[in-house]
Amino acid sequence: MNDNSHYENSQSSLERELRSTIDLVLDPTVGTSIVDLKMVSSINLSMKVADVELLSPVDPKLYPQKDELFRRITGELIKSGLANEVNITMTQMDIALEEEYASIIRKLSNQDDQDSKSQFSSTRIIAISSGKGGVGKSSVSVNLAVALSILGEKVALLDADIYGFSIHSMLGRDAEPMIIGSLVVPPRAYNVSFISTGLFARDDQPLIWRGPMLHKALEQYINQVAWLNPKFLVVDMPPGTGDVAMSVAQLIPEAEFYVVTTPQNASERVAQRSALAAKELKLSMRGVIENMSYFVGDDGKRYELFGSGGGEQLAKSLGVNLLCQIPLAMPVREGGDDGEPVVVRDPESDAAKAFFELAKAIKDIGPVRIRRSELKVSIKK
């Protein structure tokens, strides 16, 4: 009897150790323990072989980053010394558990059916704008988001350039987001959650939409996506001063605007229109980013191919700071084409250092106002 008791105690201890080890595994898409997400159906260990059964809220064939999840589980179990071999299977949740999973995600996102904006109550929304296309606004958005993540921040990225979507390819990801009923869970790349129209449309597919359709798409991206409570939401705005800028003012009026320009005076004048439009819409203009500021030749000298002074002049006229000057560099273009941002591809390059400088500057500026989700005013009738 004592032997049986000892055996039961040892088995119970082993099960606890297995569970605590699995609890360390974070889902690569959601960033939360798979135990907390109710994804672990069973785990058994025999002769140093672990059999793990997982549950997916969608068809297992469509579960994002499944291979990475399996790799993490295997790594934790082998590192713990509990197993030398790990077998993992995944089946789909039943409807009840799927709804419970969706409820957990909504709570993690601070989503409230009564207040669709509640998930941004503690998020700084960084809108990257420009007066015209071709100044590198999307490159700035992607590298800024990834740089902030590398600096330890929880970051999300919204491609609001509905017609000229490119964020998905610049991040090297084309997998569809996970859709559970009306809930959309965005994919992740370089530890940044992101949504882009490119996840739903072919790269060669033109979107011939009028203004109301643009507004509806942006509204769904902002309100129906489970952004999972990021510290920063970087928004890649379309160029110019059209419908999307007005929709952003309506949907996320707390957005901070940063305008991208290039050094030449003509670009500075066009960028100024975008900045002044943001002010007209009562949006906060926080800083200027000068892109393609200079080129460093093989001789080590700096060449100002597009002139100089445009960014500084724009910042002065707007009463804000020039936050950084980003060089014109081949690794930025190559990283964008290959889906590997320069801050990851070549972090010691001058361009990457400029993006990290920008990320630190935006962190140091701080939010326009401090928002506390727990502080709400209720008016009794």
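Note that the structure is predicted; figures quoted are calculated from it, not measured.

About the cut-offs
- Residues numbered from 1 in each chain as written.
- Predicted model: local features only at pLDDT ≥ 70, side-chain atom pairs only at ≥ 80, totals over all residues.
- Heavy atoms only, no water.
- Helix = DSSP H or I, 4+ residues; strand = E, 2+ residues; numbered from the N terminus.
- Buried < 20%, exposed > 50% of the residue type's maximum accessible area, 1.4 Å probe, protein only.
- Patch = residues over 30% accessible without salt bridge, like charges linked within 9 Å, V, L, I, M, F, W, Y side chains within 5 Å.
- Areas by Shrake-Rupley, 256 points an atom, 1.4 Å probe, with all protein chains shown as cover.
- Salt bridge = Lys/Arg side-chain N within 4 Å of Asp/Glu carboxyl O.
- Axes fitted to C-alpha atoms, helices over the stretch in contact; angles between N-to-C directions.
- Parallel < 35°, antiparallel > 145°, perpendicular 65-115°, else oblique.
- Contact = heavy atoms within 4.5 Å.
- Nonpolar A, V, L, I, M, F, W, Y, C, P; charged D, E, K, R; others polar.
- Pairing = 2+ DSSP bridges.

> How should I be thinking about the environment of Val135 in this particular structure?
Summarising the element assignment, Val135 is placed in the loop between strand S4 (124-130) and helix H4 (137-150). C-alpha of Val135 to C-alpha of Ala271: the two residues are 136 residues apart in sequence and 9.8 Å apart in space.

> I'm lost on unusual backbone geometry in this one. Help?
Comment: phi is negative for the bulk of residues other than glycine, and the bulk of peptide bonds are trans. Even without glycine at this site, Lys48 takes up a positive phi of about 65°. Inspection of the secondary structure puts Lys48 in the loop between strand S1 (40-46) and strand S2 (49-56). Phi is positive for Met292, which is not a glycine, with a value near 55°. Checked against the element boundaries, Met292 lands in the loop between strand S12 (284-290) and strand S13 (295-296). The exposure class assigned to Met292 is buried, which follows from its relative accessible area of 18%.

> In this structure, what is going on with a nonpolar patch on the surface? I would like to understand it.
A cluster of nonpolar residues, Phe295, Tyr303, Leu305 and Phe306, forms a patch on the protein surface that exposes about 350 Å² of accessible area. Looking at where Phe306 falls in the secondary structure, it is placed in the loop between strand S14 (302-303) and helix H9 (310-318).

> Whenever I open this one, the packing of H4 against helix H12 (residues 350-365) confuses me. Can you help?
One can describe the packing of H4 onto H12 by two numbers: an axis separation of 9 Å at closest approach and a directional angle of 70°. Between H4 and H12, the angle falls in the class roughly perpendicular. Listed contacts from H12 to Ser139, Val140, Asn143, Leu144, Ala147, Leu148 and Ile150 of H4 are Phe355, Phe356, Leu358, Ala359, Ile362 and Lys363. Within the contact of H4 with H12, the residues separate by chemical class into 10 nonpolar, two polar and one charged.

> How should the sheet that holds S1 be read in this particular structure?
Two orientations exist for strands paired in a sheet by backbone hydrogen bonds: parallel and antiparallel. Sheet architecture is open: three strands sit in the order S1-S2-S3, paired in mixed fashion. This sheet does not close on itself; its edge strands, each paired only once, are S1 and strand S3 (85-92). Geometrically, the sheet is characterised by an average inter-axis angle of 15° between neighbouring strands, direction not taken into account. Bridge count for S1 against S2 is six bridges, and the pairing is antiparallel.

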